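Below are the chains, spelled out letter by letter.
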Amino acid sequence: MTPEEDCRKSFFEKIRDLPAGDLLDIRDAYGFIELAHRRQFRDGGEPYIPHCAAVASLLFDRGYRDKDIIIVALGHDVVEDTDSPTSAVIAYCGHDNWKAIDLLSKNQPIFSPFTGQLLGRRNKSKREYFGELACGPKKVRLVKPADRVHNMRTMDIWPKERRVAYAQETQEWILPIADATDAWFAEQLRELVKKELG
C-alpha cells in the first residue's frame, strides 16, 4: 500500500460515521484534491495529501464534523499550490467552499476569461492576506490555525532562521485569529511559538 493509499484509508476510517451524503461529497473532493497535489511533495519529500488529511483530522478530532469545514481543510492549498481551474475546484468542492479556499490562498492564480489558461499569479501582502482571514467565515478562521499547527509540528527539518520567522509570523498574525475562534488551537500555537522563540 502506498503512503497515499494508507492515508486515504485511515482518513475515511476516522470519519466513517458521518452521514452517507456527506461522505460522498467528501470522497469526491478528496479524490480531486489528491489528484491536484499528485506532483507536489512536502519539504521532507513525503507526498502532499497526508498534510491535507492531517489538517482535516485535527478539526474533526476537535469536534468540527461539518462536511464543508472538512472539505475546505482538505483543499486549503489546492488554489495556492496547484494550477487547478476554478471551475474544477467549484465542481468538486462547492462554490462556497471554493470561495473559502481562495481566501486561504496567499498566491492566487489568474486565468484567462477566454481560454481558461493560467496567465500568472498574484501575491497578497501579509496585511491584506491575514486581514481578509481575520474577517472571513468561521471555517476559514478554523482551517488556518489548524494548518499552522500541523506545519509547526512538522517543521523540524527547516533551517533555524526559517522556523523563527514562521513562529514570529504565527505570533503576530495567526494567534489573534485563533484566540478569537478556538481556544484549543490558540493554546497549541502558543506552545509551538514558545518552543521556537523561548
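Rules of the game
Residues numbered from 1 in each chain as written. Predicted model: local features only at pLDDT ≥ 70, side-chain atom pairs only at ≥ 80, totals over all residues. Heavy atoms only, no water. Pairing = 2+ DSSP bridges. Helix = DSSP H or I, 4+ residues; strand = E, 2+ residues; numbered from the N terminus. Buried < 20%, exposed > 50% of the residue type's maximum accessible area, 1.4 Å probe, protein only. Arc of directions from axis to C-beta. Contact = heavy atoms within 4.5 Å. Disulfide = S-S within 2.5 Å.

Some details on the pairing of strand β1 (residues 107-111)
For step 1, the next point in the chain: Relative to strand β2 (residues 118-123), β1 runs antiparallel, the two sharing five bridges. Counted as the bridge partner of P109 is R121 from β2.
For step 2, the next point in the chain: Taken together, β1 and the strand that follows it, β2, pair antiparallel across an intervening segment of six residues, in which G116 is found at a positive phi of about 80°.

Notes on helix α8 (residues 126-134)
For step 1, the next point in the chain: By the burial criterion, the buried members of α8 are Y129, F130 and L133. Looking straight down α8, one finds that the buried residues subtend no more than 85° of arc, so they occupy a single side.
For step 2, the next point in the chain: Packing partners of the buried residues in α8 comprise α7 (95-103), α9 (138-153) and α10 (160-181).

Brief notes about the state of the cysteines
For step 1, the next point in the chain: Applying the stated criterion across every chain yields a total of zero disulfides.
For step 2, the next point in the chain: Its sulfur unpaired, C52 is 8.3 Å from the next cysteine sulfur, which belongs to C7.
For step 3, the next point in the chain: The structure places no disulfide on C93, whose sulfur is separated from the nearest cysteine sulfur, that of C52, by 11 Å.

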